[in-house]
Amino acid sequence: MAELITGPDGAVVDGVLRLGADGTVGAAGYEVTTTRTARGLRYDVLTPAGEQVSWTAPTAAQRTLVLGGARSGKSTEAERLMADHPDTVYVATGGDGSADPEWAERIALHRSRRPASWGLVETIDLEPLLETPGPPLLIDCFTLWLSRTMDACEVWADHSRAADVEKRIEQLAEAWSHTPRLVVAVSNEVGGGVVPADAGTRLYRDLMGRLNATLARRSEAVLWCVAGRTVAL
């Protein structure tokens, strides 16, 4: 019976035929047909014994959105995804924490986990970064991007200005869709609890859901983190 062994670097058939995202290392007597699918490059193999096996090499995701609740492990997962990219630029959207000691402590914890070779940019002006070629980006997170964007648009005082935020969401999504960079971004799912009592927080919750859905539609990979576990959506 044909033996198919899969691993992080590809698959091996009968210990001799190697299959990977970039092609095959052939072996005499094996016939290989490739087909591009939504999941990646599919290999259909006919062995010398006349048996058939199939394997799909997953398409590498250029844009990955990592979702989850508080303390779900989403930032750790995003950092793990970028562990093999020593030139990653970490994009922090939450400010420097200078006005809040507890927030500064959180920032320091995040920094201590990151490789020393990673760069750092603290901004919510994400479009120029996404539109410009360069090293991989890890954006943490879109949740704070939204709250600070709502601050900038003065939505909390005038909810009718939510249209300005929605326009910025579309601009961000457009830049996200066409970025030439490898990018992983973190965002919170905040709509799973009790409906907020005040209109401003309800508006924030609705905009957060809209932002996540908009970016998810334009991502090759969307991951959901819960209780330290990660599943693909």
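Each chain carries its own residue numbering, running from 1 in the written order of its sequence. Per-residue local features of the predicted model are confined to residues with pLDDT of at least 70, and side-chain atom pairs are confined, for both listing and counting, to 80 or more; whole-chain, interface and lining totals are unaffected and use all residues. With hydrogens and water excluded, all non-hydrogen atoms of the structure serve as input to the side-chain values.

**Things to note about the packing of helix α4 (residues 142–152) against helix α6 (residues 199–217)**
Angle between the axes and distance between the axes are the two parameters that describe a pair of packed helices. Note on geometry: axes are C-alpha line fits, over the in-contact stretch for helices, and angles between N-to-C directions span 0 to 180 degrees. Numbering of helices and strands starts at the N terminus; helices are DSSP runs of H or I of at least 4 residues and strands are runs of E of at least 2. Orientation of α4 relative to α6, taken along the N-to-C sense of each, is 130°, at an axis distance of 10 Å. Viewed along their axes, α4 and α6 adopt a mutual orientation that is oblique. The way α4 lies across α6 gives a crossing that is right-handed. Residues F142, T143, W145, L146, S147 and M150 of α4 lie in contact with α6, whose contacting residues are L203, Y204, L207, M208, L211 and L215. Any angle that falls under 35 degrees is termed roughly parallel, while one over 145 is termed roughly antiparallel, one within 65 to 115 roughly perpendicular, and all others oblique. A crossing counts as left-handed when the near helix is turned anticlockwise from the far one by less than a right angle, and as right-handed when that turn is clockwise. Note on definitions: a residue-residue contact is assigned when non-hydrogen atoms from the two residues lie within 4.5 Å.

**Some details on the packing of aromatic side chains**
Centres within 6.5 Å make a pair out of two Phe, Tyr or Trp rings, where for Trp the six-membered ring is used; the pair is then stacked when the planes are under 30 degrees apart, edge-to-face when over 60, and tilted otherwise. Using the criterion set out here, one finds 3 aromatic pairs in the structure. Taking the centre distance of 6.1 Å and the plane angle of 10° together, the rings of Y43 and W55 count as stacked. With Y43 in strand β6 (residues 40–46) and W55 in strand β7 (residues 52–58), the pair connects residues that are 12 residues apart, well separated along the chain. Residue classification places Y43 among the buried residues on the basis of a relative accessible area of 1%. Relative accessible area decides the class of each residue, using a 1.4 Å probe on protein chains only: under 20% of the type maximum gives buried, over 50% gives exposed, and in between gives partly exposed. Look at W55 and you get buried, because its relative accessible area is 13%. Criterion for a charge above a ring: Lys NZ or Arg CZ within 6 Å of the ring centre, and within 35 degrees of the ring normal. In this structure, R114 packs its charged tip against the face of Y90, placed 3.6 Å from the ring centre.

**Overview of the sheet that holds strand β5 (residues 31–37)**
Reading across the sheet, the 3 strands line up as β5-β6-β7 and stay open at both edges, with antiparallel pairing between neighbours. Across the chains shown, the open sheet's two edge strands, defined by having one partner strand only, are β5 and β7. Within this sheet the neighbouring strands show an average axis-to-axis angle of 20°, counted without direction. With 7 bridges connecting them, β5 and β6 associate as antiparallel partners. Residue pairing for β6: T37 is matched across the bridge by G40. DSSP bridges decide pairing: two strands pair if at least two such bridges lie between them.

**A short note on α6**
Multiplying 1.5 Å by the helix residue count minus one yields the expected span of that helix. In a regular helix each residue adds 1.5 Å, so 19 residues correspond to 27 Å; α6 covers 27 Å between its end C-alpha atoms and thus fits that length. By the burial criterion, the buried members of α6 are G200, L203, Y204, L207, M208, L211, N212, T214 and L215. Seen along its axis, α6 keeps its buried residues to an arc of 165°; they face one direction. Buried-residue contacts for α6 involve β8 (63–68), α4, α5 (162–178) and β12 (183–188). The definition of a polar contact used here is a pair of N or O atoms within 3.5 Å, where within protein one atom must be able to donate a hydrogen and the other to accept one, and adjacent residues in sequence count solely through side-chain atom pairs. Regarding α6, its N-cap is D198, as a side-chain oxygen of that residue lies 3.4 Å from the backbone nitrogen of G200 further along. Arc, as used here, means the arc of the directions from the helix axis to the C-beta atoms.

**Describing the pattern of salt bridges**
Side chains carrying opposite charge are able to pair once their charged atoms draw close together. Here, a salt bridge means any side-chain nitrogen of Lys or Arg that lies within 4 Å of a carboxyl oxygen of Asp or Glu. Counting across every chain of the model gives 10 salt bridges. With its nearest N and O atoms 2.5 Å apart, the salt bridge here joins E220 to R63. Residue E220 is located in the loop between α6 and β13 (221–226), and its partner R63 is located in strand β8; the two are separated by 157 residues in the primary sequence. With relative accessibility at 41%, the residue E220 sits in the partly exposed group. Between E166 and R210 there is a salt bridge, with its nearest N and O atoms 2.1 Å apart. With E166 in helix α5 and R210 in helix α6, this residue pair connects regions lying 44 residues apart in the sequence. R210 sits in the partly exposed class, given a relative accessible area of 40%.

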